[in-house]
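# Residue-level structural notes
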Amino acid sequence: MEKGAGIKAWLFTIVLITFIVGGYYLMNQSIRKLEEESSNNNLVSEDTNQDIKLDKTKDYIYYTDSEEIVHELDLIYKNVNLNFQDKQGVAKVLNDETIELKQTLTYDKTVEDAPYDNLISAQYKIYTTFTYDKYISLIVDYYEYHYETLVTAKKSKTYIFDKTTGNLLNSNQLLDDYDLTEENIRTKIANHLADEDIAKEGEVLDIESTLAEITELNLFVDKIGRLSITILVKSDQKDYNEVIILN
């Protein structure tokens, strides 16, 4: 009996040790797995929320070397800076363009009717920036000043960047994000202009010419997340830039 009891006690000890070691091993493996999952989740979180700003003290898009010509007209020449990796060289294109626009400044002291220090004519642009969710939108509106006709809208151009990567987004990506097609957009534009045409007194909008001149979709996302488009509206009086909310 004592011998049998000793064998049983020895077997029980072996089983107990095996159970303890095995349990520890399984628990240790589980802990390692949780640590790995936690680590992976942290990596994903960091990638999703990573700050692509090169200078953390500035906005995603900011301006330098500002030279104000006429405050009342927002006629200002300035350099645009992308505070993230400018993979497509957008800032250089826009700033080189600003140099060319600045050369259009024309003064003539012999023209007495010319206001603003005898400024005769100038071409310039106005920047607008919106940031929402993963989108950084840069809208560029172009204008021409002449002392007789004052300010005339010429065109608009938009640049949309992915805030998580800095990549430039094209219109197809935005259409997919907002579940729209170019046909949808043209219909919305036509309907909007038709309503606007009815509301205007003494002015006729040329809807067909307006739509015909839309060769690219100047889309952007506004500050509350609405997909919008800026267009040049053709009128029998004076063309103007118009923003239409699409979604």
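Okay, so let's go over this structure. (Residues numbered from 1 in each chain as written. Predicted model: local features only at pLDDT ≥ 70, side-chain atom pairs only at ≥ 80, totals over all residues. Heavy atoms only, no water.)

Both strand β5 (residues 135–146) and strand β6 (residues 150–162) contribute to a ladder of 12 bridges, which runs antiparallel. By the bridge assignment, Tyr145 is partnered in β6 with Val151. Where β6 lies against strand β7 (residues 168–169), two bridges are found, and the strand directions are antiparallel. When the sheet's bridge partners are listed, Ile160 is paired in β7 with Leu169. (Pairing = 2+ DSSP bridges. Helix = DSSP H or I, 4+ residues; strand = E, 2+ residues; numbered from the N terminus.)

With antiparallel pairing, five strands are arranged side by side in an open sheet as β3-β4-β5-β6-β7. This sheet does not close on itself; its edge strands, each paired only once, are β3 (106–107) and β7. This element, helix α2 (residues 90–102), spans β4 (119–132), β5, β6 and β7 of the sheet and lies at about 160° to β4. (Contact = heavy atoms within 4.5 Å. Axes fitted to C-alpha atoms, helices over the stretch in contact; angles between N-to-C directions.)

Strand pairing in a sheet is mediated by backbone hydrogen bonds. Such pairs are either parallel or antiparallel. Across the sheet, three strands lie side by side as β8-β9-β10; this open sheet has antiparallel pairing. The sheet is open, and its two edges are formed by β8 (219–221) and β10 (240–245), each paired on a single side. Here the strands of the sheet are splayed against their neighbours by 35° on average, with no regard to which way each runs. Where β8 and strand β9 (residues 227–233) come together, three bridges link them in antiparallel fashion. Considered in β9, the bridge of Phe220 is made with Ser228.

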